[in-house]
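Analysis of the macromolecular model
Here's the letter readout for the chains.
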Amino acid sequence: MSFMFPVVLVVIGFFFYRAFKKHSSTPTFDDYRNNYPELVKDGKITCHKCSGKDIFVKTIGKTPTSLLNHHLCKTCGTTLFRSST
């Protein structure tokens, strides 16, 4: 039984690391706006890949204090930017 506790901690740590690594490698909203200023207007966001306007938020992980979110195009599935809530 004492062997399982460290194994569980390592597995949980791995999933936290993987979610944070994926999250931190995705551009922020400010990066997206700076790279594609013509696609962020009047509070609306357009996909840079397919020009889709249907954007949704997918939670990809959790930290003790926040949720890690990716904003994706519903049309083509492209991840546009990240946020935390």
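Below is a short write-up of the structure. (Residues numbered from 1 in each chain as written. Predicted model: local features only at pLDDT ≥ 70, side-chain atom pairs only at ≥ 80, totals over all residues. Heavy atoms only, no water.)

**Overview of the sheet that holds strand β5 (residues 79-84)**
The criterion, for reference: Here a strand pair is declared whenever DSSP counts at least two bridges between the two strands. The helix count covers DSSP runs of H or I at least four residues long, the strand count covers runs of E at least two residues long, and both are numbered beginning at the N terminus. Angular values range over 0 to 180 degrees, each being the angle between N-to-C directions of two axes fitted as lines to C-alpha atoms, with helices fitted over their stretch in contact.
Taken in spatial order, the three strands of this open sheet run β3-β4-β5, and their pairing is antiparallel. For this open sheet the edge positions go to β3 (55-62) and β5, each flanked by a neighbour on one side alone. Put simply, the sheet's adjacent strands are angled 25° from each other on average, direction ignored. Across five bridges, strand β4 (residues 67-73) lies against β5 in antiparallel orientation. Bridge pairing in β5 places Leu68 opposite Ser84.

**Observations regarding the environment of Leu80**
How we decide: Any pair of residues with heavy atoms lying within 4.5 Å of one another is described as a contacting pair.
Relative to the helices and strands, Leu80 is located in strand β5. In this structure, Leu80 is in contact with Pro27, Tyr32, Ile45, Cys47, His48, Ile55, His71 and Cys73, ignoring residues within four places of it in sequence.

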